Amino acid sequence: MTGSDPDLEAEQYEKHREAGEILAEARADTVERLEVGSKYGDIAEFAEERIRELGGEPAFPLNISVDHEAAHATATVDDDRQIGAGVVNLDIGVHVDGWLADSAVTVDLTDEHGDLVAASEEALDAAIDTIEAGVPTGEIGAAIEEAIDARGFNPVVNLTGHGLGRWEQHADPNIPNRAVSQSTSLEAGDVVAIEPFATDGGGKVSEGSHEEIYALEEESSIRNRDARQALEQITEEFQTLPFATRWLDVRRPEMALRRLEQQNIVHGYPVLQEDEGSLVSQKEHTVIVTEGGCEVTTE
C-alpha cells in the first residue's frame, strides 16, 4: 500500500473509493433509520443488506456500541433487544474485492451530549487537516488529543486508527489518539482509517466478557461437523475479515465457534468498554494519503 510514487488511479484505489461511496450512502441511510426503540437485529440487518444492495460487501459486522461501549458490540442471533435513549456509535465497514473502507458516526438519541459528539468530530477534522505524506503519526495524535481536550473530554488512548490492507482491517500504521514521541511517517498512497474516540471517563477501555465478532486465525482440520461447515463458510466468504456469529449458516453457530476458538482457528473480539456510567463518542473516516494532504473516501 505504500510507495514513493504510487499511482492513485490504480484499480486498488478505485475500489477503495467505490467502497467509500457505498459506505457513505449506507451510513446515512442507517443513521436515518436509527431511533429509540430500534431493534439491534433490525438495524444491523438493514445496514449490512444496504451495503450489498449498493454493490459492496460488509467488511465486518455493524458495530452498535451504546453509552460506555466503544467497539465490537453488535447484534446477536435473532436479536430483538431495543436500543434505548443513549449515545450510540455506529461503526461500518465495506469492501469491494477485499479493498476496504471504514467509517463511524455517533448518534446522540438523548439530545443531551452534543459536546461529547462534537469532541470526536472536531478531533477527526483536526487530524484530517494535519495529514499529508511525511507527517509523523504522533503529530496526528497530538491534533486529536488537543481537539478533545479543548471540549473538556479525554481521548481513549488505548484505541487507535489504523491502516487498511486488502482483506486486512487492521494494518500498519497505527494512528494514535494522543501525542506520542515514537511514531512513523505517513507515505503517499497509504490508506488509513482515522478514528478519534472521546469520553467523559478515564480514557482507557477494557475488555468485556461478551464476544459476538470473530475472525479467522489459521486454517486447520476439525472433526466436529458444524464447526467444519462454519470454517468452510468463513474461509470462502469472509477470509481474514471479521464476521458475526449471526452470519454463520450452521445449526448451532455459537457451539461451532466455541469449538473453533478452543482450537485457535478463530479468535473473538470482546466488547471494548469504558467504566460503567461513562459515555464514549467516535467519529471515523478512511483517507488516502497524498503528497499535499489526503483524500477522504467515506465522506
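This structure is a prediction, so every number in the text was calculated from the model and none was measured. (Residues numbered from 1 in each chain as written. Predicted model: local features only at pLDDT ≥ 70, side-chain atom pairs only at ≥ 80, totals over all residues. Heavy atoms only, no water.)

Student: Outline a negative patch on the surface, supporting the account with residue identities and numerical values.
Tutor: A cluster of acidic residues, Asp42, Glu45, Asp78 and Asp80, forms a negative patch at the surface. On the secondary structure map, aspartate 80 appears in the loop between strand S2 (69-71) and strand S3 (87-96). Judged by its relative accessible area of 54%, aspartate 80 falls in the exposed class. (Patch = residues over 30% accessible without salt bridge, like charges linked within 9 Å, V, L, I, M, F, W, Y side chains within 5 Å. Areas by Shrake-Rupley, 256 points an atom, 1.4 Å probe, with all protein chains shown as cover. Salt bridge = Lys/Arg side-chain N within 4 Å of Asp/Glu carboxyl O. Lys, Arg positive; Asp, Glu negative; His and termini not counted. Charge placed at Lys NZ, Arg CZ, Asp CG, Glu CD. Helix = DSSP H or I, 4+ residues; strand = E, 2+ residues; numbered from the N terminus. Buried < 20%, exposed > 50% of the residue type's maximum accessible area, 1.4 Å probe, protein only.)

Student: Outline the packing of helix H3 (residues 114-130) against helix H4 (residues 137-150), listing residues and values.
Tutor: Axis separation between H3 and H4 bottoms out at 8 Å; the angle between their running directions is 150°. One element, H3, and the other, H4, form an angle in the roughly antiparallel class. Classified by chirality, the crossing of H4 by H3 is right-handed. For the pair H3 and H4, the contacting residues are Ala119, Glu122, Ala123, Ala126, Ala127 and Thr130 in the first and Glu139, Ile140, Ala143, Ile144, Ala147 and Ile148 in the second. Of the residues that constitute the contact of H3 with H4, the class distribution is nine nonpolar, one polar and two charged. (Axes fitted to C-alpha atoms, helices over the stretch in contact; angles between N-to-C directions. Parallel < 35°, antiparallel > 145°, perpendicular 65-115°, else oblique. Left-handed = near helix turned anticlockwise from the far one by under 90°. Contact = heavy atoms within 4.5 Å. Nonpolar A, V, L, I, M, F, W, Y, C, P; charged D, E, K, R; others polar.)

Student: Help me get a handle on the sheet that holds strand S4 (residues 99-108), residues and values and all.
Tutor: Across the sheet, which stays open at both edges, the three strands sit in the order S1-S3-S4 with antiparallel pairing between neighbours. Looking at the sheet topology across the chains shown, the edges are occupied by strand S1 (57-66) and S4. Averaged over all adjacent pairs, the angle separating strand axes in this sheet is 10°, with direction ignored. In terms of strand pairing, S3 meets S4 through 10 bridges, oriented antiparallel. (Pairing = 2+ DSSP bridges.)

Student: Break down the nonpolar core for me, citing the residues and quoting the values.
Tutor: One finds Leu34, Leu62, Ile64, Ile83, Val88 and Leu90 to be the most contacted residues of the largest nonpolar core, which totals 24 residues. Among the secondary structure elements, those contributing two or more residues to this core are helix H1 (11-33), helix H2 (40-53), S1, S3 and S4. In contact with leucine 62, other than residues within four places in its own chain, are Ile43, Ala44, Ala47, Glu48, Ala73, Thr74, Leu90, Asp91, Ile92 and Arg246. Counting 23 residues, the second-largest nonpolar core is a separate cluster that includes Ala147, Ile194, Ala198 and Leu279. (Core = buried A, V, L, I, M, F, W, Y, C linked by side-chain atoms within 4.5 Å.)

Student: Talk me through the sheet that holds strand S10 (residues 206-216); I want residue IDs and the actual numbers.
Tutor: The four strands lie next to each other as S2-S12-S10-S11, forming an open sheet whose pairing is antiparallel. Every interior strand has two partners, whereas the edge strands, S2 and strand S11 (243-244), have only one. Along the sheet, helix H5 (residues 225-238) makes contact with S10, S11 and strand S12 (266-273), crossing S10 at roughly 75°. The sheet strands contacting helix H6 (residues 253-262) are S10, S11 and S12, and the helix crosses S12 at an angle near 105°.

Student: Please provide a residue-by-residue account of the packing of H5 against H6, values included.
Tutor: Running from N to C, H5 and H6 point in directions that differ by 80°, and their axes come no closer than 8 Å. Considering the angle they form, H5 stands roughly perpendicular to H6. The segment H5 lies against H6, with Asp226, Ala227, Ala230, Leu231 and Ile234 engaging Ala256, Arg259 and Leu260. Class assignment of the residues belonging to the contact of H5 with H6 gives a composition of six nonpolar, no polar and two charged.

Student: Tell me about the pairing of S12, and please be specific about residues and values.
Tutor: Across the eight residues that make up S12, a large majority, six, are buried. Relative to S12, S2 runs antiparallel, the two being bridged by two bridges. If you follow alanine 71 over to S12, its bridge partner there is leucine 272.

Student: Report on unusual backbone geometry, specifying residues and quantitative values.
Tutor: The peptide bond linking aspartate 172 to proline 173 adopts the cis configuration, its omega dihedral lying at 0°. Of note, the phi angle at aspartate 97 is positive, near 55°, even though the residue is not glycine. Of note, aspartate 97 is situated in the loop between S3 and S4. A positive phi angle is found at glutamine 239, which is not glycine, with a value near 50°. Relative to the helices and strands, glutamine 239 is located in the loop between H5 and S11.

Student: So, the packing of aromatic side chains: which residues are in play, and what are the values?
Tutor: Evaluated as defined, the whole model comprises three aromatic pairs. Ring centres of phenylalanine 238 and phenylalanine 243 lie 5.3 Å apart, and the angle between their planes is 15°; on these two criteria the pair is classed as stacked. Judged by its relative accessible area of 8%, phenylalanine 238 falls in the buried class. With a relative accessible area of 0%, phenylalanine 243 lands in the buried category. Geometrically, the ring pair formed by phenylalanine 238 and tryptophan 247 is tilted, given 5.4 Å between the ring centres and 45° between the ring planes. Note on tryptophan 247: relative accessible area 12%, which makes it buried. (Phe/Tyr/Trp six-rings, centres within 6.5 Å; stacked < 30°, edge-to-face > 60°.)

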